[in-house]
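Descriptive analysis of the structure
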Amino acid sequence: MAAVAVHQFAQCITCHAWSPDRTMVAFCPNNNEVHIYKFIKDRWEKLHVLYKHDQIISGIDWSMRSNKIVTVSHDRNSYVWNQEASEWVPTLVILRLNRAALCVQWSPKENKFAVGSGAKTVCVCYYEQENNWWVSKLIRKKHNSSVTGVAWHPNNILLATTSTDGKCRVFSTFIKGVDPRDSSAGSSNELKFGEQIAQLDLSFTWAFGVKWSPSGNTLAYAGHNSMIYFIEDVESSPSAQTIAFRDLPLRDVLFVSERMLIGVGFDCNPLVFAADETGLWSSVKFLDEKKTAQSSSKYGSQFSEAFGKLYGQSKHGASNDTVEPSRPRGGAHENCITCIVPLRKGGETVVKRFSTSGRS
Amino acid sequence: MANTLRLYLTCIRNTLEAAMCLQNFPCQEVERHNKPEVELKTSLELLLNPVLICRNEAEKCLIESSINSIRISMKVKQADELENILAKKFLRFLSMRAEAFQVLRRKPVQGYDISFLITNYHCEDMHKHKLIDFIVQFMEDIDKEISELKLSVNTRGRLVATEFLKQFI
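Residues numbered from 1 in each chain as written. Chains lettered and ligands numbered in written order. Predicted model: local features only at pLDDT ≥ 70, side-chain atom pairs only at ≥ 80, totals over all residues. Heavy atoms only, no water.

We count it as follows: UniProt positions are given in the numbering used here, feature names are shortened, and annotations may be inferred rather than shown by experiment.
Under the annotation held in an unreviewed UniProt entry, chain B carries the name Actin-related protein 2/3 complex subunit 4 and is attributed to Cocos nucifera. The heading Subcellular location (unreviewed entry) in the UniProt record of chain B holds the text "Cytoplasm, Cytoskeleton". UniProt's Sequence similarities (unreviewed entry) comment on chain B is quoted here verbatim: "Belongs to the ARPC4 family."

As annotated in an unreviewed UniProt entry, chain A carries the name Actin-related protein 2/3 complex subunit and comes from Cocos nucifera. Annotation of chain A in UniProt includes, under Sequence similarities (unreviewed entry), the sentence "Belongs to the WD repeat ARPC1 family." As stated in UniProt under Subunit (unreviewed entry), the record for chain A gives "Component of the Arp2/3 complex composed of ARP2, ARP3, ARPC1/p41-ARC, ARPC2/p34-ARC, ARPC3/p21-ARC, ARPC4/p20-ARC and ARPC5/p16-ARC."

Spelled out as structure tokens, the structure:
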């Protein structure tokens, strides 16, 4: 069962992120601003507009615990915004990139964030207390093309990246002084920064939307050839499963639970994948049922609303009763969906709600 | 005759649906620039394989795609000299006014009669299925237009000749 709500914010949304208490959402309406909206009573109201970037903002992430927003843009810059009183104050992060930045994500412990860029490098930034600013370390020379997606493993050290050269790579981003040296865990011996732990060469086309499962056991990413790849046990002995589906390629994926994954993409419809007990993944269904054809052309999805939708869903997980207040949102996308973000309370492992934003 | 046209157009439509999965992608070669990769062809990994759909030797359609743009080039049927001239003039007329069409390219690709360039910005502004409908409709209409033009030229020529030669009777 899925309840869906639609919110029209702008004609085209590049990326979005939710605040820790899930009442505010920050997104980029396809220009160089960040709009922050708050859900007051039963309407969305525009609270702030953050102007600092010169070009379109390609990635936004809102940290759960420290309430910071990081934004990266095509103008090679990144800002970390801190909320002081009621204003958002930007801090420039020197990324040392010479091409556009494409994606960003806070690490699980929120002391680092990773930026993927068109300069074929990944930038990992951490906060230096002594100098009171953000320092970046680059992972160079390992990628052959632009880095389109980054994802942190729950252990805060491993980082997976996808690139337009079709490969997914896993790196170690251990930084002395920031990450505690954990000799008891003894997971990976290569604790050097930028050490490539694995390279997955499964796709011949561009790869997007990489994510780790909540326990960090499984890695999933989507390729432009309408296939989705699941890899178990990346560190020790990777074993891969690929699923080819007959619809248009996915742009982004999200692990709802350890065994369920949602993919969104050019098909304007979220697609659910589930794993059974033996660990075999298969595609289950689309979340939006197609309405009976209202017009002659049957391509894409339903034509219910007009432009720009932010769409969130509430799903009832199999084993838990929902405690949070139901926030009904509904609707459908008319154009490609570019980004899917979980709406989760801190500490939850099963994502019950997520929102997607797109280009309609 | 109509059957093959249907099949041809359906094939093109399906190919376009798959190929028109475009996204915003900043240039890898030059900082702060955003160019249609299919025109530049500098980074080979960003280009997809071009697809050529031929109806017969005279009519074909080339679809080249990349990560942020797609180029569709068409060669229309030209049976005789007259159709050749008519097609050339008509398509040149359209290409000159490419600004109004937005997705039309001012010069056709070498070896073809007319070309379209669709970028991710067009996909953001307009619905993808409507763009595909437009292209397919265009292909259907071109044939009709050229036949009509040829018919009217022939009719007019006949009328003028009849009138002119009347004076010699």
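**Quick word on the sheet that holds strand S1 (residues 51-54) of chain B**
Residue and element names in this part refer to chain B. As a reminder, the rule being used: Strands pair, by our definition, only if DSSP identifies at least two bridges between them. Each helix is a run of H or I in the DSSP string that is no shorter than four residues. Each strand is a run of E no shorter than two, and both are numbered from the N terminus. Axes, fitted as lines to C-alpha atoms, cover a helix only where it is in contact. Angles between the N-to-C directions of the axes lie from 0 to 180 degrees. Any two residues whose heavy atoms approach within 4.5 Å are treated as being in contact.
Strand order in the open sheet formed by four strands is S1-S2-S3-S4, and the pairing between neighbours is antiparallel. Each having just a single partner strand, S1 and strand S4 (114-119) make up the two edges of the open sheet. Looking at each pair of strands side by side, their axes are set apart by 15° on average, direction ignored. Helix-sheet contacts for helix H6 (residues 128-166) involve strand S2 (60-65), strand S3 (69-75) and S4, and the interaxial angle to S4 is about 175°.

**Quick word on the pattern of salt bridges**
Formally: What makes a salt bridge here is a side-chain nitrogen of Lys or Arg within 4 Å of a carboxyl oxygen of Asp or Glu, nothing more. Only protein chains enter the accessibility calculation, which uses a 1.4 Å probe; a residue whose area is less than 20% of its type maximum is buried, one above 50% is exposed, and one in between is partly exposed.
In this structure the tally under the stated criterion is 17 salt bridges over all chains. With its nearest N and O atoms 3.4 Å apart, the salt bridge here joins B:Glu31 to A:Arg76. In this pair, B:Glu31 sits in the loop between helix H1 (2-19) and helix H2 (37-40) while A:Arg76 sits in the loop between strand S7 (68-73) and strand S8 (78-84), so the two residues belong to two different chains. Its relative accessible area of 32% is what places B:Glu31 among the partly exposed residues.

**Focus: the environment of A:Asn156**
All names here are of chain A. Secondary-structure assignment places asparagine 156 in the loop between strand S14 (147-152) and strand S15 (158-163). Looking at asparagine 156, the relative accessible area reads 0%, which means it is buried. With residues near it in sequence (within four places) discarded, asparagine 156 still touches Ser107, Pro108, Lys109, Asn111, Lys112, Thr173 and Asp179.

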